Amino acid sequence: MSTLTKEVLDVKKVTMSDLAKKTGFSIKTVSRVINNSPEVKPATRRKILDAIEETNFSVNLMAKALKSQQTKTVILFIDKHGGSYWNAWHSLIIMNIITDFKARGYKVILSPSSAQGVIDDDTDGFILLKSGIADGAVLFDNLKGDIRIRYLRENNIPFVILGKDFDYKDTCYVDLDNFHVGEIGAQHLIQKGYGQISFFLGNKEFYVNKSRVEGFKKVCQSKGVDYHIEYAVNSLQDAYEATRKHLQKNHSDAFFVSGDEKITAVYKAIKELGKTIPVDVGVLGIDNLPQSQYLDPSLSSIDQNVERFAQTVVNSLIETMHSEKRTPKGVLIKPVLQIRDSTR
C-alpha cells in the first residue's frame, strides 16, 4: 500500500459532533449553520464556517436523505436541441427557477435530456431519480410519446412540465398561452398596417411552435393578410438568410420572430437590402429579453413574464412533492405585448 493511499484510508471522517467540540457550540447550532438557518449570530456562523473549511467537513447527502426522507434536490431536464441545448429565453428562465428553488432551500441539478433518449444512459440525470438522490423534476421541451414522462409517472416521481402533456390529462404543467402569442403578434402587425408577414420559429416538432402558428394563422386568415411560415430558424445565420430570402422572394414587409436573440441578424439583413425599420419593414419579437429595449431601433416584443413563470413552476413542483396523491394542475401564463420603435 502506498503512503498516499494509507493516509487517505487513515483520514477520520469529521462529524458535526467533532465540529461542536472544536468550536464550543452545540450540535444544534452547528446543524443550523450547515443548513443555512438565519437563526445564528454572524460571529458564531463565521467561527463554525471556518472550522468546516479547516477540517474539510462535508455533508453526507445520502445519509441526510435517508434520515429526512428527502434530499431537497430537484433536476431540470433540458432537451438537447441537437447539441445547442437552449436559447436565451431558456437561460433566463433557468436562472430564475434556480434562484427561486434556492430561496426555498432546494439544490438544483441541470441535466441534458431528450424525449427519445435512453433513460439508462449513465450521463443522464434520470439515474439520480432512479437512485433516490433527487426528490422531483422539471421537464422542458417535451414531445408526444415522451419516454421521460412515462418513466416519471410509472415510478411515481413528482414532476412538473414546462409546457403541456400530450398523452395524459392529469399532469401538472405550467405553460405560456402560446396560441395567444401568435394571435396578438398577428393582430399588432396588421393593426400597424403591415400586409406581408413572415413568421420565423424553431423546430416544427415542438408544440410551442405549432401552437403559436395556429394562433397567428387564425388572425391572418380572418383578416385576409398574406403570411409565410418558416420553421427551423434556430441560429443567427438561419435568421439572416431567412430574412434576405423573404425580403427578396416574398417581399415581406414585417417579420415576427420567435426568439429576440435572433433579431440582430434580422436587422442586419433588412438594412443591407436598403430597407428602414419600421417604415419599410416592421419587426416584432417574442421573449422581451432585457437587451431588446437597447437595440436600434428598440424592439417591440411579446413578454412571457419570466419571473411569474419561474415562481409558478417552483411552487407547483414543491406542492406536488408534498402531496400524497397526484393532483392535476395546469397553469397558463398570459403573454403581454411590449410596443417599442421597431413597429410603426
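So, a few notes on the structure that sits alongside this text. Since the structure is predicted, the reported quantities are computational estimates derived from the model, not experimental observations.

1. Focus: the overall build of the protein
A count of helices and strands for the protein gives 13 helices and 12 strands. A burial count over the protein gives 46% of its 344 residues as buried. Pairs at least 24 residues apart make up 69% of the contacts formed inside the protein by residues separated by at least 6 positions. Total accessible area computed for the protein in this model is approximately 17700 Å², and 51% of it derives from carbon and sulfur atoms.

2. Observations concerning the nonpolar core
Formed by 47 residues in total, the largest nonpolar core has its most connected members in Ile 93, Ile 97, Phe 101, Phe 140, Phe 256 and Phe 309. The greatest single-element share of this core, amounting to 8 residues, is contributed by helix H13 (residues 306-321). With near-sequence residues (within four places) excluded, Phe 101 lies in contact with Val 74, Leu 76, Tyr 106, Val 108, Val 138, Val 314, Leu 317 and Ile 318.

3. Describing the pairing of strand E8 (residues 254-258)
The element E8 is extensively covered by neighbouring structure, given that 5 of its 5 residues are classed as buried. Burial along E8 is two-sided: Ala 254, Phe 256 and Ser 258 and Phe 255 and Val 257, pointing in opposite directions, are all buried. The sheet contact formed by E8 and strand E9 (residues 282-287) spans 5 bridges and is parallel. Counterpart to Val 257 in the pairing with E9 is Gly 285.

4. Details of the pairing of E9
Counted residue by residue, E9 has 6 buried out of 6 residues, so it is predominantly covered. Neither face of E9 is left uncovered, since the one carrying Gly 282, Leu 284 and Ile 286 and the one carrying Val 283, Gly 285 and Asp 287 both have all their residues buried. Handedness of the crossover is the feature at issue here: the chain leaves E8, passes through helix H12 (residues 263-272), returns alongside E9, and the resulting connection is right-handed. Pairing geometry for E9 and strand E10 (residues 300-303), over 4 bridges, is parallel. Its bridge partner being in E10, Leu 284 is matched across the sheet by Ser 300.

5. A short note on the pattern of salt bridges
Throughout the structure, instances matching the rule amount to 11 salt bridges. Of the charged contacts, one joins Lys 144 and Asp 167 as a salt bridge, the two residues approaching to 3.5 Å between their closest N and O atoms. Separated by 23 residues along the polypeptide, Lys 144 in the loop between strand E3 (136-140) and helix H8 (147-154) and Asp 167 in the loop between strand E4 (159-162) and strand E5 (173-176) bring together distant segments of the chain. By relative accessible area, which is 36% here, Asp 167 ends up partly exposed. One salt bridge in this structure joins Lys 245 and Glu 230, with 3.0 Å as the shortest N-O distance. Highlighted residues: Lys 245 in helix H11 (residues 236-250) and Glu 230 in strand E7 (residues 226-230), separated in sequence by 15 residues. Overall, the relative accessible area of 38% leaves Lys 245 in the partly exposed class. Where salt bridges share partners, they join Arg 244, Lys 268 and Glu 272 into one cluster.

6. A short note on unusual backbone geometry
Here the residue pair Ile 277 and Pro 278 is connected by a cis peptide bond, since its omega of 10° sits within 30 degrees of zero. Among the structural elements, Pro 278 can be located in the loop between H12 and E9. Cis peptide bonds are those with omega within 30 degrees of zero, and the linkage from Asp 296 to Pro 297 qualifies with 0°. With respect to the helices, strands and loops of the structure, Pro 297 is situated in the loop between E9 and E10. Positive phi outside glycine occurs at His 251, with the angle close to 55°. Judged by relative accessible area, which is 59%, His 251 ranks as exposed. Positive phi outside glycine occurs at Asn 288, with the angle close to 50°. Relative to the elements of secondary structure, Asn 288 occurs in the loop between E9 and E10.

7. A look at the sheet that holds strand E11 (residues 330-333)
Read across the sheet, 6 strands follow the order E2-E1-E3-E4-E5-E11 without closing on themselves; strand pairing throughout is parallel. A strand with exactly one partner marks an edge of an open sheet, and here the two such strands are strand E2 (107-113) and E11. This sheet shows a mean twist of 20° between the axes of neighbouring strands, independent of strand direction. Of the pairings in the sheet, the one linking E3 to E4 comprises 4 bridges and is parallel in character. Residue pairing for E4: Val 138 is matched across the bridge by Val 160. This element, H8, spans strand E1 (73-79), E2, E3 and E4 of the sheet and lies at about 160° to E4.

8. Thoughts on the packing of aromatic side chains
Taken as a whole, this structure holds 8 aromatic pairs when the rule is applied. Seen in terms of ring centroids, Phe 166 and Tyr 207 are 5.1 Å apart; in terms of plane orientation they differ by 55°. Their pairing is tilted. Taken together, the residues Phe 166 in the loop between E4 and E5 and Tyr 207 in helix H10 (residues 207-223) connect sequence positions 41 residues apart. Classification of Phe 166 as partly exposed rests on a relative accessible area of 27%. Residue class for Tyr 207 comes out partly exposed when judged on its relative accessible area of 25%. When the centroid spacing of 6.0 Å and the interplanar angle of 40° are considered together, the rings of Phe 216 and Phe 256 count as tilted. Taken together, the residues Phe 216 in helix H10 and Phe 256 in strand E8 connect sequence positions 40 residues apart.

What counts and what doesn't
Residue numbering note: each chain is counted from 1, following its sequence as written. Per-residue local features are limited, in this predicted model, to residues with pLDDT of at least 70; the limit for side-chain atom pairs, both in listing and counting, is 80 or more; totals at the level of whole chains, interfaces and linings are taken over all residues. Note that water and hydrogens are dropped before the side-chain values are worked out from all heavy atoms of the structure. The numbering of helices and of strands both runs from the N terminus, where a helix is a DSSP run of H or I of at least 4 residues and a strand a run of E of at least 2. The classification of residues rests on relative accessible area computed with a 1.4 Å probe and restricted to protein chains. Under 20% of the type maximum is buried, over 50% is exposed, and intermediate values are partly exposed. Residues are treated as being in contact if the distance between any of their heavy atoms lies within 4.5 Å. Throughout, the Shrake-Rupley method with a 1.4 Å probe supplies accessible areas, and for residues the shown protein chains are the sole cover considered. For the purposes of this section, nonpolar cores are sets of buried Ala, Val, Leu, Ile, Met, Phe, Trp, Tyr and Cys residues that join through side-chain atoms within 4.5 Å. One requirement defines pairing of two strands: DSSP has to find at least two bridges between them. If the strands point away from the viewer and the path from the first strand over the helix to the second runs clockwise, then the crossover is right-handed. By convention in these notes, a salt bridge is any Lys or Arg side-chain nitrogen within 4 Å of a carboxyl oxygen on Asp or Glu. Structural elements are reduced to axes, namely lines fitted to C-alpha atoms, with helices fitted over the stretch in contact, and the angle between N-to-C directions of any two is expressed from 0 to 180 degrees. Between the rings of Phe, Tyr and Trp (Trp by its six-membered ring), a pair exists once the centres lie within 6.5 Å; its type follows the angle of the planes, with under 30 degrees stacked, over 60 edge-to-face, and the other angles tilted.

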